[in-house]
Amino acid sequence: MAKLGFSLVVLSSLLVLLNILNQVESAITITKQDSNSLDFIKASCKATTYPSLCVRSLSSYADKIRQSQRQLAQTALAVSLSRAQSAADFVSKMTSVKGIKPRELGAVKDCTENMGDTIDRLSQSIRELGHMGRAAGQDFAWHVSNVQTWVSAALTDENTCLDGFAGRYMDGNVKTAIRTRVVGVAQVTSNALALVNRFASKHAPASSMAAAQEP
């Protein structure tokens, strides 16, 4: 009986040890995956205009992005949309700022409309990229062209908002506050467009080849 009890204790200890080792191995695997994902993000962000911002804004999504060009582009668009929505809310509140000048008010209202268009176009882009599935050849090119067009238009909307505050007559707290936020949106949108273009260039040849081989 004593030997049986001792054996059960040893077996139980071994099972606990194996469980711990499995957990450690899993942790090491996850850490390695995260490290590879971060390296992938850093390498991809080199293709953008604002690489440091690109890495900062996307690194927290490494476990979701892994090493997928498509997921990277989709996440970059989602980050851009989130910042655009936040900026749009801020800009709309500026219309009720006490002491705002008539010319500033006009620019703020125009910017509110521009940011609304930006949100619509980025939302369309995310949906389009999500619906691509296993699109190939001309179908892939059509989908990705839509995304590129809408993201480019969103970037234009953001710059149009900023243009509305051009000139020294518009200088002041309202211009500074709005410009800070919209410039931030424009930068992440520019990065998102670069990553969409990278995704398109990496996958277009393979898609075209696959389409050409179809009977």
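Residues numbered from 1 in each chain as written. Predicted model: local features only at pLDDT ≥ 70, side-chain atom pairs only at ≥ 80, totals over all residues. Heavy atoms only, no water.

This part takes up the overall build of the chain. Assigned secondary structure in the chain consists of 7 helices and 0 strands. Ordered by position in the sequence, the α and β elements of the chain form the string α-α-α-α-α-α-α. Each of the 215 residues in the chain was classed as buried or not, and the buried ones make up 37%. Taking the intrachain contacts of the chain between residues at least 6 apart in sequence as the baseline, contacts between residues at least 24 apart amount to 75%. Accessible surface, the chain as shown: approximately 12600 Å² in total, 56% of it carbon and sulfur. (Helix = DSSP H or I, 4+ residues; strand = E, 2+ residues; numbered from the N terminus. Buried < 20%, exposed > 50% of the residue type's maximum accessible area, 1.4 Å probe, protein only. Contact = heavy atoms within 4.5 Å. Areas by Shrake-Rupley, 256 points an atom, 1.4 Å probe, with all protein chains shown as cover.)

Attention shifts here to the pattern of salt bridges. Here the structure, examined in full by the defined rule, presents 2 salt bridges. The closest approach of N and O atoms between Arg121 and Asp157, which form a salt bridge, is 2.7 Å. Remark: Asp157 occurs in helix α6 (residues 137–163) and Arg121 occurs in helix α5 (residues 102–130); sequence separation between them is 36 residues. Since its relative accessible area comes to 26%, Arg121 is described here as partly exposed. Residue Asp171 is joined to Lys175 by a salt bridge in which the shortest nitrogen-to-oxygen separation is 2.9 Å. Of the residues examined, Asp171 reaches a relative accessible area of 43% and is grouped as partly exposed. (Salt bridge = Lys/Arg side-chain N within 4 Å of Asp/Glu carboxyl O.)

Bringing the state of the cysteines into the picture now. For the coordinates displayed, the defined rule picks out 2 disulfides. Two residues, Cys111 and Cys161, share a disulfide whose sulfurs are 1.9 Å apart. An S-S torsion of about -70° defines the bridge between Cys111 and Cys161 as left-handed. Taken as a pair, Cys111 in helix α5 and Cys161 in helix α6 lie far apart in primary sequence, 50 residues in all. (Disulfide = S-S within 2.5 Å.)

Quick look at the nonpolar core now. Judged by nonpolar contacts, the single largest core of 48 residues is most densely connected at Leu58, Leu77, Phe165 and Ile178. Residue assignment for this core shows that the elements contributing at least two residues are α1 (2–45), α2 (51–58), α3 (62–65), α4 (69–93), α5, α6 and α7 (173–212). At 11 residues, the largest contribution of residues to this core is made by α7. With sequence-adjacent residues up to four places away left out, Leu77 is seen in contact with Leu122, Ser125, Ile126, Leu129, Val147, Val151, Ala192 and Val196. (Core = buried A, V, L, I, M, F, W, Y, C linked by side-chain atoms within 4.5 Å.)

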